[in-house]
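# Architecture at a glance
What follows is the residue order along each chain.
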Amino acid sequence: MKKILITGGAGFIGSHVVRLFVKKYPDYDIYNLDALTYAGNLENLRDIEHFPNYQFIKGDINDSDFLNKLFELNKFNSVIHLAAESHVDRSITDPLAFVKTNIIGTVNLLNSYVKYSSNELGDVFYHVSTDEVYGTLGKTGFFTETTSYSPNSPYSASKASSDHFVRAYGETYKIPYVISNCSNNYGPNQFPEKLIPLFINNIIENKSLPVYGDGNYTRDWLYVIDHALAIDKVFHEGKNKETYNIGGFNEWKNIDLVKLLCRMMDEKLNRDFGTSEKLITFIKDRPGHDLRYAIDANKIKKELGWSPKVTFEQGLEKTIDWYFENQDWIQNVINGDYKAYYNRQYK
Ligand code: NAD
Ligand code: DAU
C-alpha cells in the first residue's frame, strides 16, 4: 500500500492526474491536498470522490505547521507536486503570490518530506514543472533537458526557482526526486483565463478575442490526459535525479490556432463561416512575452516509452464539446472576484 500526496489535485492538470491514479491504482491511497484557490474546484473530481482510495484535504502549502502535522500523521511515501499559481498574466500583476506559493510553498513541502516521509524504496518527490523555465526560443530549435534556465516572467522565475530547490534538496538531504517540464496543456477543466478555454467561451458569448501583440507567438500544445499519462510514467519509471521534458510535438502560432478554433466553433454553432474570426482583436502585448516554446520530448519517448496519443484535432474537438456541455461549470468558476479579472484588458 503506497500513500501518495498529490498537491493541486483540484486544479486543471491535477484533477486529471488524481482521477488517473485513483482509478488505475486501487492499491494506492491517494490524498489530494489543495487550498481551493480561484483555480481549484472540487466539481472537477465529483465522479471519483467516493472511491475508497481517495481522500481530499483542504490546506495551504504556505502553512508549514499544517504541512508538518499532515506529514507526521500520514508518513506519505511520495509526493506529486502540482499546486501552484499557474497563470503568467497574474504573475505580472502580482509576482509575490507566485513567490509565496511556487517557491516558499514548495520549500515547505520539501521540508516536511525530508522530516516525515517514509523513506522506503521507490518513494519519490516529483515536481511537475513547466517548459517556461527555459525562457524563449528563436524561430528554430527545441528545449532539451540540458537547455539552460532563462526564465522571463515572474511565473517562470518562480517555477525555475522551485525546480532548483527540489534538485538542491535531492543533493543536500538525499531525497529521491524527479522533475518534468511540460509544454502548454489544454483540455477539459482548464480555467477560462488561459488562451483556449477563454477563447472558446468568448466565441460562445460573442465577446472579442484578445490576441496579444501580432499573434505570431508559438506554443507547443499537449492534451491534458496525455500529460497525466506522462506523469504516471515519470512517477513510476523515471530515474532518480532526472528531468524529463514533455511536449506534444505540436507547434502552433497563436493566430493560426485562434483561426482554427474560430472555424471549428462556427461549425459547432452553425454560424456562417468567418463569423467568429471577426471577434479577433489585436491588443497590447503581454510584457516579456516569450516568442516560442517547442519541446524535444525524445528522452521520455526513448527511455520511458511515452508519446502523445491524442491528435490536436481530436483534442480540440473533445475540449470544445466539453465546454459546450459544461456551461454551468464555466459560469460557476467565472463568478465572484474573478469577474473583474476576466473583463480586464492590457491598456
Ligand atoms: P491550476 O491553476 O489549474 O491549478 C493549480 C491548483 O493548485 C489549484 O487547484 C489551486 O487551488 C491549487 N493551489 C494553488 N495555490 C495553492 C496553495 N498555496 N496550497 C495548496 N494548493 C494550491 O494549474 P494547472 O494548469 O493545473 O498546473 C498545475 C501544475 O502544472 C503547476 O505547477 C504548473 O506550473 C504546471 N504546468 C502547467 C502547465 C499548463 O499548461 N497548464 C504546463 C506545464 C506545467
Ligand atoms: O508552457 C507551459 C505554460 O503554458 C504553463 O507553465 C502555464 O501554467 C500555462 O498557463 C501556459 O502558459 P502560457 O502563458 O503559454 O499560456 P496562456 O494560455 O496564458 O497563453 C498562451 C499564448 O496565448 C501566449 O502566447 C499568450 C497568448 N494569449 C493568451 C491569452 C490568455 C493571448 O494572445 N491572449 C490571451 O487572452
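Keep in mind that this is a model prediction, so the values were computed, not measured.

## Some remarks on the sheet that holds strand 1 (residues 2-7)
Spatially, 3-2-1-4-5-6-10 is the arrangement adopted by the 7 strands of the open sheet, whose pairing is parallel. Two strands bound the open sheet, and with one partner strand each, they are strand 3 (54-58) and strand 10 (243-246). Across the sheet, the axes of successive neighbouring strands diverge by a mean angle of 20°, strand direction being ignored. In terms of strand pairing, strand 4 (residues 78-81) meets strand 5 (residues 125-130) through 3 bridges, oriented parallel.

## Comments concerning the packing of helix 8 (residues 254-268) against helix 10 (residues 312-325)
Two numbers describe how helix 8 lies on helix 10: the axes approach to 11 Å, and their chain directions differ by 55°. It follows that helix 8 is oblique to helix 10 by the angle criterion. Once helix 8 is placed against helix 10, the crossing between them reads as right-handed. Residue-level inspection shows Leu 257, Leu 260, Leu 261, Met 264, Met 265 and Lys 268 of helix 8 in contact with helix 10, the latter providing Phe 312, Glu 313, Leu 316, Glu 317, Ile 320, Asp 321 and Phe 324. Looking at the contact of helix 8 with helix 10, its residues break down into 9 nonpolar, no polar and 4 charged.

## Quick word on helix 5 (residues 154-172)
One full turn of an α-helix is made of 3.6 residues, so residues set three or four places apart face in the same direction. Here helix 5 contains 19 residues, and its C-alpha end-to-end distance of 26 Å stays within 8% of the 27 Å for a straight helix at 1.5 Å per residue. The complete set of buried residues in helix 5 reads Tyr 155, Ser 156, Ser 158, Lys 159, Ala 160, Ser 161, Ser 162, Asp 163, Val 166, Tyr 169 and Gly 170. Those residues of helix 5 that are buried are in contact with helix 3 (88-93), helix 4 (95-116), strand 5 and strand 6 (177-182).

## Overview of the site of ligand 1
If you check the shell around ligand 1, you find 29 residues, and the closest are Ile 13, Asp 34, Ser 86, Tyr 155 and Lys 159. In this structure, a nitrogen atom belonging to ligand 1 sits 2.8 Å away from a side-chain N or O atom of Asp 60. At a separation of 3.0 Å, a nitrogen atom of ligand 1 approaches a polar backbone atom of Ile 61. With the chains in place, 96% of the 830 Å² that ligand 1 exposes on its own is no longer accessible. Of all the secondary structure elements, the ones that give two or more residues to the shell around ligand 1 are helix 1 (12-24), strand 5, helix 5 and strand 7 (184-186). Residue classes in the shell around ligand 1 are distributed as 13 nonpolar, 13 polar and 3 charged.

Reading guide: rules and limits
- Residues numbered from 1 in each chain as written.
- Chains lettered and ligands numbered in written order.
- Predicted model: local features only at pLDDT ≥ 70, side-chain atom pairs only at ≥ 80, totals over all residues.
- Heavy atoms only, no water.
- Pairing = 2+ DSSP bridges.
- Helix = DSSP H or I, 4+ residues; strand = E, 2+ residues; numbered from the N terminus.
- Axes fitted to C-alpha atoms, helices over the stretch in contact; angles between N-to-C directions.
- Parallel < 35°, antiparallel > 145°, perpendicular 65-115°, else oblique.
- Left-handed = near helix turned anticlockwise from the far one by under 90°.
- Contact = heavy atoms within 4.5 Å.
- Nonpolar A, V, L, I, M, F, W, Y, C, P; charged D, E, K, R; others polar.
- Expected span 1.5 Å × (residues − 1).
- Buried < 20%, exposed > 50% of the residue type's maximum accessible area, 1.4 Å probe, protein only.
- Near = heavy atom within 4 Å.
- Polar contact = N/O pair within 3.5 Å; in protein donor to acceptor, adjacent residues only side chain to side chain.
- Areas by Shrake-Rupley, 256 points an atom, 1.4 Å probe, with all protein chains shown as cover.

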